Every structure is written in structure tokens, then in C-alpha cells.
Amino acid sequence: MANSADILESLNRYPPAASGSIAYNFLVPNLKGLENLLRAYDAALPTKSEDPASLQHRDAPLTPPPSPKPGQMASEPAPITSTQHPNAMGSAPLEQFSKPSLDPPHTYEISVFLAATEAFSRANTNCSIAESIDRCKAIISLAKSRSLPVRGYVSVALGCPYEGPSTPPSEVAEITASLLEMGVDEVSVADTTGMGTAPKTRELLKALFAAGISPNDLALHFHDTYGQALVNAVVGLEHGIRTFDSSVGGLGGCPFSKGATGNVSTEDLVHCLHSLGATTGVDLEEMSRIGGWISEELGRPNESRAGKAILSRLNS
Ligand SMILES: CC(C)(COP(=O)([O-])OP(=O)([O-])OC[C@H]1O[C@@H](n2cnc3c(N)ncnc32)[C@H](O)[C@@H]1OP(=O)([O-])[O-])[C@@H](O)C(=O)NCCC(=O)NCCSC(=O)C[C@@](C)(O)CC(=O)[O-]
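Residues numbered from 1 in each chain as written. Predicted model: local features only at pLDDT ≥ 70, side-chain atom pairs only at ≥ 80, totals over all residues. Heavy atoms only, no water.

Here is the rule we go by: UniProt positions are given in the numbering used here, feature names are shortened, and annotations may be inferred rather than shown by experiment.
Per an unreviewed UniProt entry, the chain goes by hydroxymethylglutaryl-CoA lyase and derives from Ramalina farinacea. Per UniProt, the comment on the chain under Pathway (unreviewed entry) is "Metabolic intermediate metabolism; (S)-3-hydroxy-3-methylglutaryl-CoA degradation; acetoacetate from (S)-3-hydroxy-3-methylglutaryl-CoA: step 1/1." Taken verbatim from the UniProt record of the chain, the Catalytic activity (unreviewed entry) comment is "(3S)-3-hydroxy-3-methylglutaryl-CoA = acetoacetate + acetyl-CoA".

**Digging into the overall build of the chain**
Threshold: Counting from the N terminus, the helices are the DSSP runs of H or I reaching at least four residues and the strands are the DSSP runs of E reaching at least two. With a 1.4 Å probe rolled over the protein chains alone, any residue whose accessible area is under 20% of its type maximum counts as buried; one over 50% counts as exposed, and the rest are partly exposed. In what follows, a contact means two residues having at least one pair of non-hydrogen atoms within 4.5 Å. All accessible areas in this document rest on Shrake-Rupley with a 1.4 Å probe, and a residue is counted as covered only by the protein chains that are shown.
A count of helical and extended segments in the chain gives ten helices and six strands. For the chain, the proportion of its 316 residues judged to be buried stands at 46%. Taking all contacts inside the chain whose residues are at least 6 apart in sequence as the whole, residues at least 24 apart take part in 72%. In the structure as shown, the chain presents an accessible area of about 14,900 Å², 57% of it carried by carbon and sulfur atoms.

**Regarding the site of the ligand**
The test is simple: Being near a molecule or strand, for a residue, means having at least one of its heavy atoms within 4 Å of it. Throughout this description, a polar contact denotes any pair of N or O atoms lying within 3.5 Å of each other; where both atoms belong to protein, one of them has to be capable of donating a hydrogen while the other can accept it, and for residues adjacent in sequence the pair is counted only when both atoms sit in side chains. Residue type decides the class: Asp, Glu, Lys and Arg count as charged, Ala, Val, Leu, Ile, Met, Phe, Trp, Tyr, Cys and Pro as nonpolar, and the leftover types, Gly among them, as polar.
Lining the immediate environment of the ligand, one finds 18 residues, of which Asn30, Asn124, Asn126, Ser155 and Thr192 sit closest. Taking Lys32, its side chain carries an N or O atom lying 3.4 Å from an oxygen atom of the ligand. Here the ligand has 1,100 Å² of accessible area as a free molecule, and 55% of this is covered by the chains. Sort the elements by how many residues they give to the shell around the ligand and helix 2 (residues 31-44) lands first, with three residues. Looking at side-chain class alone, the shell around the ligand contains six nonpolar, ten polar and two charged residues.

**As for the packing of aromatic side chains**
To keep it simple, the criterion reads: Classification of ring pairs rests on two measures: the distance between centres of Phe, Tyr or Trp rings, Trp counted by its six-membered ring, which must be within 6.5 Å, and the angle between planes, read as stacked under 30 degrees, edge-to-face over 60 and tilted in between.
For the structure shown, the criterion picks out four aromatic pairs. The interplanar angle of 45° and the centroid separation of 6.3 Å between the aromatic rings of Phe120 and Tyr162 together place this pair among those described as tilted. Of the two residues, Phe120 is situated in helix 3 (residues 118-125) and Tyr162 in the loop between strand 3 (150-155) and helix 5 (169-181); the sequence distance between them amounts to 42 residues. When its relative accessible area of 0% is taken as the criterion, Phe120 is described as buried. An aromatic cluster is built from Tyr24, Phe26, Tyr41 and Tyr108, whose rings are joined through pairwise contacts.

**A few points about the sheet that holds strand 5 (residues 218-222)**
Here is the rule: Strands qualify as paired when DSSP identifies two bridges or more between them.
Judged by pairing direction, the sheet is parallel, and its six strands sit side by side in the order 1-2-3-4-5-6 without closing on themselves. The open sheet terminates on both sides in strands that have one partner only, identified here as strand 1 (22-27) and strand 6 (244-245).

**Thoughts on the side chain of Ser304**
By secondary structure assignment, the location of Ser304 is in the loop between helix 9 (284-298) and helix 10 (305-315). When its relative accessible area of 0% is taken as the criterion, Ser304 is described as buried. Within the structure, Ser304 has its side chain in polar contact with the side chain of Ser265 (distance 3.2 Å). With sequence-adjacent residues up to four places away left out, Ser304 is seen in contact with Gly249, Ser265, Glu267 and Asp268.

Now the structure itself:
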């Protein structure tokens, strides 16, 4: 698996084509992790070392390249729709992209992550909850000194693989409030094990709001291990939450939560939100193509039901 330095270098050298802004988020487990990341960033982009949050890419394609066709070999150079001459429809090799651009379609953020139970905190970061809060203080202040937006995650908020399904909502609220007081821009409350249910999600949100936390400061991060992620997301929607984490094709999972499946798939979540009349700006057919393509690339099943249904309709 590539390390952060490789990823930064690659993003700088070959900025992915995107018509909108992309925020790349790096999880850092401790201060050393952030220091390593900043070293890699400053090495990759010496001209931009003072403000990593606004990594700028020159030659960013003005029009996104066509999505890879299902089964298109990764080794083939992706057709590029933009070169030095904007909107030239060509298939220039990726090597053409070698300089940061002036318009920052891409930015960088970092994430800190804590757990709502002692046992998961120990397993995931080898420290207590109190120690992890202490660690976050130093990480957040260094990140802010480099104008990096910071996201906080609170793991096992709706059930812990070690302490069982009833994580105390008050504990989640207390940790969330501490992160916001330390200056994070947003807290993603994570159902890492997928044990969350609609009633428990409702109870957790009530505890977060009772602690004075605004829905605007929150994101919800549902794994779909028990198939409850979508109904939990709808409960979040009804309570004013507008930021939800998901992964294309249902990728992901947590190494410290046995059996944890990936996040709710982006395709299923977007299909559900659209069915409720929400606008997401996501092209669901394109997202489904990407879900099919990445699942094939990784040699794993596509975990998205909506994605698979849309693909079979598109390919019929
Ligand atoms: C936090 C540690 C490092 C503590 O691990 P530790 O062993 O207690 O660390 P340590 O301070 O004793 O250091 C051990 C060695 O690692 C080195 N070290 C120490 N830190 C780093 C670093 N950052 N980068 C590179 N090297 C590092 C350190 O220098 C030392 O090297 P040595 O002196 O022995 O040669 C470890 O427990 C760890 O890596 N934890 C993170 C595991 C992880 O990635 N978990 C998954 C994250 S995703 C997640 O949590 C779920 C979430 C957030 O997505 C949402 C959800 O809940 O669903």
C-alpha cells in the first residue's frame, strides 16, 4: 500500500481530472504522523510549503477524462482530455502533468481519530481515550498553524467490537465536544462496527444536540455490516445532518473491528438520497461505473446494490 509521501508525490505529478474541487484527507494517528506528512508535502511541493491546504495544480484538466470503461486495463494510459491546450481532446500520456496548477481544485485536510470506548482506543491507537485527546491537541494546533482543515472521527460510536453494542451516547458527546473545542472543523461520528440501529442513532443524535453540538458540525459515518446504514442515514437526515461518509462500491472496513464491512456504498446512499428528493450533485451512473471498475481492479465484489443494478441496466 502506498505511503502518504508516495500519494502526495503522485497527486502533485498527476493531478486527477476533476471538474470540481477535491479535498484529500490524510488520517494521522499522532503528531509524528502529521510531521511525516508535512515533511513529505514540503518535499513534494517546496514552492507551496507555507500553505498545504491549498495545494494547487497547474494544467488541471478542464474537462474530466472519460471514466475508465469497465475492464479497461489500468496499464493503458488514461485518455486525457486536457493538456497544455485547454479542452484539447487528446490521449496525451500522463507524463505531461508535471507542474502544480494555479487554480486549486484540490486541497488537503487531515483527520484525527479517537474511540468512544477504552478497549477500542487501546486496540486502534495503543492509548487511552484521555491520552488520545491529549495527542489530538498537539496535532490540531500544528495542523492549524499550517492552515490545514482538520476532521475528527469518533469511532465505535454505536457499538464496539470489544465492549458490545451499547456505547454510551454521553461518552460520544463528550469526546465530540472536546474535539470541537480543540478546533476541529467537523466531527465524523462513526458507526465503525455497523451495530447502529435507527433508535440508537436517534438517541445518539439527541445526546449530541443536548451537549450543544450543532448538526452543522457533524458528519455521520456508517459501516453497513448489518445492513442498517441507509436507515441510520435517513434518521440523520431527519435530524438535520447534511454530511455523510460513504465509499464507492462499499470499499473500506477497519482492521481493528473484526468482520467490519466497508462504509455504506456511495451509490446506495446517493440513490436513497435522490429518492427522497435530495440533490447531491453526484452523477449516479458515472459513480456506478467507477464502483464497478474499482471493484474489478481490486479483485473484490462490488458491494453496492444500487451500483450493480444501474450497471446491469446500462450494460443491457
Ligand atoms: C498510533 C500508533 C502509531 C501508536 O503505536 P505505538 O506502537 O504505541 O507507537 P509508539 O509511539 O510506541 O512507536 C512505535 C514505533 O512506531 C513509530 N511510530 C509511531 N508513530 C508513527 C507514525 N505516525 N509514523 C511512523 N512511525 C511511527 C515510532 O517512532 C516507534 O518506532 P521505533 O522507535 O520503535 O523505531 C499505532 O497504534 C497506529 O498506527 N495506530 C493507527 C492504526 C490505524 O491506522 N487504524 C485505522 C485508522 S481508520 C479508523 O480508525 C476508523 C475510522 C476513523 O476510519 C472511522 C471508523 O471508526 O469507522
